[in-house]
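# Report on the structure
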Amino acid sequence: MPEIAFSVDQSRSMADQNVPGHNRWHPDIPAAASVRPGAEFRMECREWTDGQIGNNDSANDVRDVDLTKAHMLSGPIAIEGAEPGDLLVVDILDLGPVPQESGVAPGQGWGYTGIFARENGGGFLVEQFPDAYKAIWDFHGQQATSRHIPGVRFTGITHPGLMGTAPSAELLAKWNARERALIAKDPQRIPPLALPPEPSNVLAGTLSGSALAAVAAEGARTVPARENGGNHDIKNLTRGSRIYYPVHVAGALLSGGDLHFSQGDGEITFCGAIEMGGFMDLGVDLIKGGMETYGVTTNPIFEPGNVEPRYSEFLTFVGISVDHENNSNAYLDATLAYQRACLNAIAYLSKFGYSPEQVYLLLGAAPVEGRISGVVDIPNACCSLYIPTAIFDFDIRPSQSGPAVKEYASCARTS
Ligand code: ZN
C-alpha cells in the first residue's frame, strides 16, 4: 500500500479531520501534502455529502440533504515543480470503498443512489420525477445488490466522480463571470441554471479568518466539470486510467473525491451513481509545458482504464428529440433525445413489476452505456441507451409470452 498523503477517519466529518479537505475550488486553498513527480500515494475520501445519507429505508435524507456542504474533496496535493502550462499526469492505480470496515458511513460496505427532488437539486428527468427517492446498495466484493431494487446484481465500474487541479485566480474569475451570466437569464428557475459561490458551510482546508472569507465569497461550486477537470462523472475513468490535467497554478494542487462504486452513463438521477467514501491510489508525473505542446488547454484528456465489467449482450433503447406528449419537435437536441431513450427504458422495464422510480434509480447506478448515435439527421437527434441483460436474474427480452411480472419491494420514499 502506498503512503497515505491524505487520511480520513470515516467516523468524523471532513471538517474534523486532522487536515480537513475542501468543498470549493479556489487557488488559495493550501496544500494538505506535497509529493514529487513520480510519487505514488493514497488519498482517502469521504462520501460527497460528508455522510448525510443513511443506510435506512427512508428518502427523507435525500430530500433534505444540505448541498452547500458538497462536494467533500480530499486534498489538495501539491506536486513539486508543477507550473502553469504543464500537464499533470495522474494514474489511477487502484480505487475502492473503505477497506476492511463496515459502518454507518457510505463506503463502509454499502453505498446509495438518490433521485433528487426538484426543489433540491433535481435530476435529468425532473419533469417526470419531481420527488426524492433512494436505493441502498450492498457491496459483495466487486458486485452490488439492493434490497430496494430486487432482481438485479452487477459488477461495479469504480471511479472518482470528481478530480481536478486548482484554478488560477484569473480562471476562477472567468468561471464566476460566465456562470453568473447564465444564472441571470432565469434567476428564479427551480432547479437553478447554475450555482453561484455560496458562503454557508464553506470548507477550505486549514484556512480561517479573512482567507476563508475570500474562498466563501469567490470559491467555485464543485458541481460542474470545468477547465480543471472537476465533476466529470465519467464511469470509464476507472482503475488503470491515465489522465492529463491542465495545470493552472504552481504545484498544480490536485484534489479528488465523490467516489462511485458504479454508475450508468449520464448519472441521470443527479446522485445517480452508487455513492461511497473510500480510497484512491494515485501516481503523478509532469509533462513540462505540455498544455501548449499538445494543445490541451480547455479540458483534460485521458486514457481509460482496462479494468471494467465484461457485459456482451444488451437491450438497447432509442430516443429522438421529440416531445411525444405534445407532438412537438426540437432541433437536434441530444439532451432531449437521451431523456427519451431513458423514459422508453423506464416504460419498458416497469412492465416487469418495477416502479418507474426503481428503474430510474437502476439506470443511474448500473453500468449502462449511453451513446450519441446521430446528431445530423434534421430535425431529430438520436441517442441510445444500452442495458446489459445479464444484470437481471430474469430475461428482459421481448417474447411472445410477455414479461414475467413479479411483485417487488419498493425503493426508499419520503414520508
Ligand atoms: Zn457522485
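A quick note: this is a predicted structure, and the numbers were derived from the prediction, not measured.

So, how was this worked out
- Residues numbered from 1 in each chain as written.
- Predicted model: local features only at pLDDT ≥ 70, side-chain atom pairs only at ≥ 80, totals over all residues.
- Helix = DSSP H or I, 4+ residues; strand = E, 2+ residues; numbered from the N terminus.
- Buried ≥ 20, exposed ≤ 12 C-beta atoms within 10 Å, placed from the backbone.
- Contact = placed C-beta atoms within 7 Å.
- Pairing = 2+ DSSP bridges.
- Axes fitted to C-alpha atoms, helices over the stretch in contact; angles between N-to-C directions.
- Core = buried A, V, L, I, M, F, W, Y, C linked by C-beta atoms within 7 Å.
- Domains from an automatic or database assignment.
- Expected span 1.5 Å × (residues − 1).
- Arc of directions from axis to C-beta.
- Nonpolar A, V, L, I, M, F, W, Y, C, P; charged D, E, K, R; others polar.

A separate point is the overall build of the protein. Along the protein, the regular secondary structure elements total six helices and 23 strands. Each principal axis of the C-alpha atoms in the protein carries an extent, and together these give about 65 × 50 × 40 Å. Split into buried and exposed, the 415 residues of the protein put 47% on the buried side. Sequence separation of 24 or more characterises 79% of the internal contacts of the protein that already satisfy a separation of 6 or more.

A few words now on the pairing of strand β10 (residues 159-164). For β10, the tally of buried residues reaches six of six residues, placing the bulk of the element in the interior. In this sheet, strand β14 (residues 254-260) lies alongside β10 in antiparallel orientation, the contact comprising five bridges. Paired with G164 across the two strands is S255, which belongs to β14. Relative to strand β12 (residues 229-230), β10 runs antiparallel, the two sharing two bridges. When the sheet's bridge partners are listed, M163 is paired in β12 with G230.

A few words now on the sheet that holds strand β18 (residues 314-320). Read from one edge to the other, the open sheet built from three strands follows the order β18-β22-β21, with strand pairing classed as antiparallel. Looking at which strands have only one partner, the edges of the open sheet turn out to be β18 and β21 (369-374). In this sheet, neighbouring strand axes are inclined to one another by 25 degrees on average, regardless of whether the strands run parallel or antiparallel. Inspection of the sheet shows β18 paired to strand β22 (residues 382-388) by seven bridges, in the antiparallel sense.

With that settled, consider the environment of I234. Within the fold, I234 resides in the loop between β12 and β13 (242-246). By C-beta crowding, I234 is classed as partly exposed, having 18 other C-beta atoms within 10 Å. With 110 residues separating them in the primary sequence, I234 and F124 have C-alpha atoms 16 Å apart.

If you look at the biggest cluster of nonpolar residues, it comprises 108 residues, and the most contacted ones within it are L88, W137, C342 and A345. Of the residues that make up this core, three or more belong to each of domain 1 (3-303) and domain 2 (314-413). In this structure, C342 is in contact with L125, I268, L363 and L385, ignoring residues within four places of it in sequence.

Further remarks concern helix α2 (residues 169-184). In this model, α2 (16 residues) spans 22 Å end to end at C-alpha, consistent with the 22 Å of a helix rising 1.5 Å per residue. Along α2, the residues classified as buried are L171, L172 and W175. Buried residues along α2 cover an arc of 100 degrees about the axis, so they all sit on one side. Residues E170, A173, A177, A181 and A184 are exposed on α2 and point more than 90 degrees away from its buried face. Tucked inside the fold, the buried residues of α2 contact α3 (209-218) and β11 (225-226).

According to the domain assignment, the protein consists of domain 1 (3-303) and domain 2 (314-413). With centres defined by C-alpha atoms, the gap from domain 1 to domain 2 works out at 27 Å. Facing 34 residues of domain 1, the contacting portion of domain 2 comprises 27 residues. Among the secondary structure elements, those contributing two or more residues to the side of domain 1 that touches domain 2 are β6 (110-115), β7 (133-140) and β15 (270-276). Per element, the largest residue contribution to the side of domain 1 that touches domain 2 is four residues, and it comes from β7. Grouping the amino acids of the side of domain 1 that touches domain 2 by side-chain chemistry returns 16 nonpolar, eleven polar and seven charged.

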